[in-house]
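# Residue-level structure breakdown
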Amino acid sequence: MEKKYSKILRAMTKDGSARAYVINSTEIVNEAIKIHKTSPTAAALLGRVLTAASVMGTMLPEKECTMTLAIRGNGMAGTTLATSDYYGNVKGYISNPLADLPLKPNGKLDVSGIVGGGILCVSKDVGDEVPYNGNIELVSGEIAEDVAQYFAVSEQTPTLCALGVLVNPDITCKASGGVFVQLLPFADESIISVLEENAKSLNNISSKFAEGLSNEEILKIALNGIEYDLFDEIEVEYKCDCSRKRTERALISLGKPEIEKIFLEQKEEGKEEKIELECHFCNKKYSYTKEEALALFKDKE
Ligand SMILES: [Zn+2]
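Since the model is a prediction, treat every value here as computed from it, not as a measurement.

The next thing to look at is the coordination of the zinc ion. At 2.2 to 2.3 Å from the zinc ion lie its protein donor atoms, namely Cys240 (SG), Cys242 (SG), Cys279 (SG) and Cys282 (SG). Taken together, the four donor atoms coordinating the zinc ion span angles of 103 to 117 degrees at the metal, a pattern that classifies the geometry as tetrahedral. All donors of the zinc ion come from a single chain, and their spacing in sequence reads C-x1-C-x36-C-x2-C. With a gap of 39 residues between them, Cys240 in the loop between β10 (228-236) and α8 (244-254) and Cys279 in the loop between β11 (274-278) and β12 (285-289) connect regions that are remote in the sequence. Its relative accessible area of 10% is what places Cys279 among the buried residues.

Dropping the structure here:
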């Protein structure tokens, strides 16, 4: 079967006032639901965070960079986190994938209800330099407004952000996507007011994708009345880069005494002596027998 990708369309206004990103993230969100077996509300929350992180990843300056967007709320969802690379490929998790609430009076999933209050954290790993960290208080817990606030406060980049995830009754993703429009320095005032007016039409962004609108058609709504150039459209996906090598490093950093303690406890409890590490992002399991785990320290002695 041919692999289906999510896509990000990138564009810039002709006068250089703003750049725009439109992402259809339906495939990414469906993959996340499959892996994490979420409730409908958790699917919407995790989906919005993955969608935002995918776009934010493509804003990174270098190919080796990665970024993480974390929503640390005090509601029943706990922490919801997504990590993206420079190419916009993402992976994520939610502490409580079963967090769920009744629909809001307007018929929408109560994303802010399961988030509660808390903070939004962005960290960027930019190679050898000191990692960048930016935190803000959540504004609404609906994610799009929180991300917009982050850009305004932490990056001094005014950003219009719309995010939406539509979940089917069988808890698959019907449609998911987002729009980011960022003002560049010296943006034309008249263009700003047009963009703000256009943004009102992007309130129900997921239903626009559900109706079958393409990224380009949605971009036309976001930049209605403004001349722009299309930059490119890139394929992005839910992608986990975990490996046995990485879990080896995790075990080594735990230290030999700690590992020996685990095995000793298992022995005393009459359990099988083995260490199993599970990837938070894709649920893949990496299993080590006692011999395999202790062998990791052999050449270090
Ligand atoms: Zn993984």
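Attention now moves to the pattern of salt bridges. Applying the stated criterion to the full structure yields 16 salt bridges. In this structure, Glu248 and Lys245 form a salt bridge, with 3.4 Å as the shortest nitrogen-oxygen distance. Of this pair, Glu248 and Lys245 both sit in helix α8, three residues apart, which is roughly one turn of the helix. One salt-bridge network, in which partners are shared between bridges, spans Arg48, Lys104 and Glu142.

Our focus in this paragraph is the domain arrangement of the protein chain. Domain assignment breaks the protein chain into domain 1 (6-236) and domain 2 (244-300). Using C-alpha coordinates to define each centre, domain 1 is positioned 37 Å away from domain 2. With seven residues of domain 1 at the interface, the matching set in domain 2 holds five residues. Taken together, the two surfaces of domain 1 and domain 2 that pack against each other cover about 510 Å², and 62% of this comes from carbon and sulfur. At the boundary of domain 1 with domain 2, the tally comes to zero salt bridges. The interface formed by domain 1 and domain 2 holds one residue pair in polar contact (both at pLDDT 80 or more) in total. When residues of the side of domain 1 that touches domain 2 are traced back to their parent elements, those giving at least two are α1 (26-36), β4 (79-85) and β5 (90-94).

The rules behind each value
- Residues numbered from 1 in each chain as written.
- Predicted model: local features only at pLDDT ≥ 70, side-chain atom pairs only at ≥ 80, totals over all residues.
- Heavy atoms only, no water.
- Donors = N, O, S within 2.8 Å, 3.2 Å for Na, K, Ca; no water.
- Tetrahedral: all angles 85-135°; square planar, octahedral: opposite > 155°, others 65-115°.
- Helix = DSSP H or I, 4+ residues; strand = E, 2+ residues; numbered from the N terminus.
- Buried < 20%, exposed > 50% of the residue type's maximum accessible area, 1.4 Å probe, protein only.
- Salt bridge = Lys/Arg side-chain N within 4 Å of Asp/Glu carboxyl O.
- Domains from an automatic or database assignment.
- Contact = heavy atoms within 4.5 Å.
- Buried area = accessible area lost by both parts, 1.4 Å probe.
- Polar contact = N/O pair within 3.5 Å; in protein donor to acceptor, adjacent residues only side chain to side chain.

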